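Residue-level listing of the chains:
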Amino acid sequence: MTEEQPMTEDVHEYRIVRRGARDHRIAVIDGPNMSNLGARAKKVYGDIGSLDDLKAYVAEFGRRLGVTVESFSSNYEGAILEYIHESADRVDAYIVNPAGLTTVGEGMRHALEETGHPVVEVHFANIQAGAGHGRGLGGGSLTSSFTHTATGLTMGLRQYSYIGALTALVAALDDECFLGAPRDDD
């Protein structure tokens, strides 16, 4: 059991009860253009100050869940591929915001798929929303090249997309039957 405290002083306390106690290691990968997070459209990206602020926010939430979050970000797909390859043996799952690689990151998607680990795709914006939608992108909807092989997807909730992904992923990893693993009584 992990008791949650609020992330800031002016919110309600909440409590998350986990089914397991294992310290899962979750890798969070942010792709191209996320390094410019604090300067991006406030309507879509909110008031989070920087990518480092996002990383600290997600890592702290992970700590409160009883898991380890390691973060990696790059504007270069090759560096992301190298990170995926070298991290595959030490992490249990990935949360990935492909960002600028959303529609063209086939190499990254393939590398994630080859790890055999669960992958949750995240986006600050609702990438499926049409142009002019309050939580969508200015240019209209995108079709992600990651979604069809991702284990799950959270989007349109700004930085809270990461919290939703992390919470669900930890709960799923704590579930012994997640992704069809056999039960002892089967």
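Each value, and the rule that gives it
- Residues numbered from 1 in each chain as written.
- Predicted model: local features only at pLDDT ≥ 70, side-chain atom pairs only at ≥ 80, totals over all residues.
- Heavy atoms only, no water.
- Pairing = 2+ DSSP bridges.
- Helix = DSSP H or I, 4+ residues; strand = E, 2+ residues; numbered from the N terminus.
- Axes fitted to C-alpha atoms, helices over the stretch in contact; angles between N-to-C directions.
- Contact = heavy atoms within 4.5 Å.
- Salt bridge = Lys/Arg side-chain N within 4 Å of Asp/Glu carboxyl O.
- Core = buried A, V, L, I, M, F, W, Y, C linked by side-chain atoms within 4.5 Å.
- Buried < 20%, exposed > 50% of the residue type's maximum accessible area, 1.4 Å probe, protein only.

Our focus in this paragraph is the sheet that holds strand β5 (residues 152-155). Pairing is parallel in the open sheet, where five strands are placed in the order β2-β1-β3-β4-β5. Each edge of the open sheet is held by one strand with a lone partner, namely β2 (68-73) and β5. Neighbouring strand axes in the sheet, compared pairwise and without regard to direction, differ in orientation by 20 degrees on average. The sheet contact formed by strand β1 (residues 25-30) and strand β3 (residues 93-97) spans five bridges and is parallel. Across the sheet, residue Ile26 finds its bridge partner in β3, namely Ala93. Packing against the sheet, helix α2 (residues 51-65) makes contact with β1 and β2, and its axis sits at approximately 160 degrees to β2. Packed onto the sheet, helix α4 (residues 106-115) meets β1, β3 and β4 (119-123) and runs at close to 165 degrees relative to β3.

The next thing to look at is the pattern of salt bridges. Tallied over the entire structure, the rule returns 10 salt bridges. One salt bridge in this structure joins Arg109 and Glu113, with 2.8 Å as the shortest N-O distance. Placement of both Arg109 and Glu113 in helix α4 is noted, with a separation of four residues, approximately one turn of the helix. A single salt-bridge network, built from bridges that share partners, covers Arg25, Glu70, Glu86 and Arg90.

Take the nonpolar core next. Core analysis: the biggest nonpolar cluster contains 29 residues, and Met34, Leu54, Val58, Ile95, Phe124, Tyr162 and Leu166 have the highest contact counts within it. Mapped by element, the contributors of at least two residues to this core are β1, α1 (42-45), α2, β3, β4 and α5 (160-174). In this structure, Tyr83, Ala88, Val96 and Leu101 belong to the second largest nonpolar core, which totals 15 residues.

Any functional reading would require information that these geometric values do not contain.
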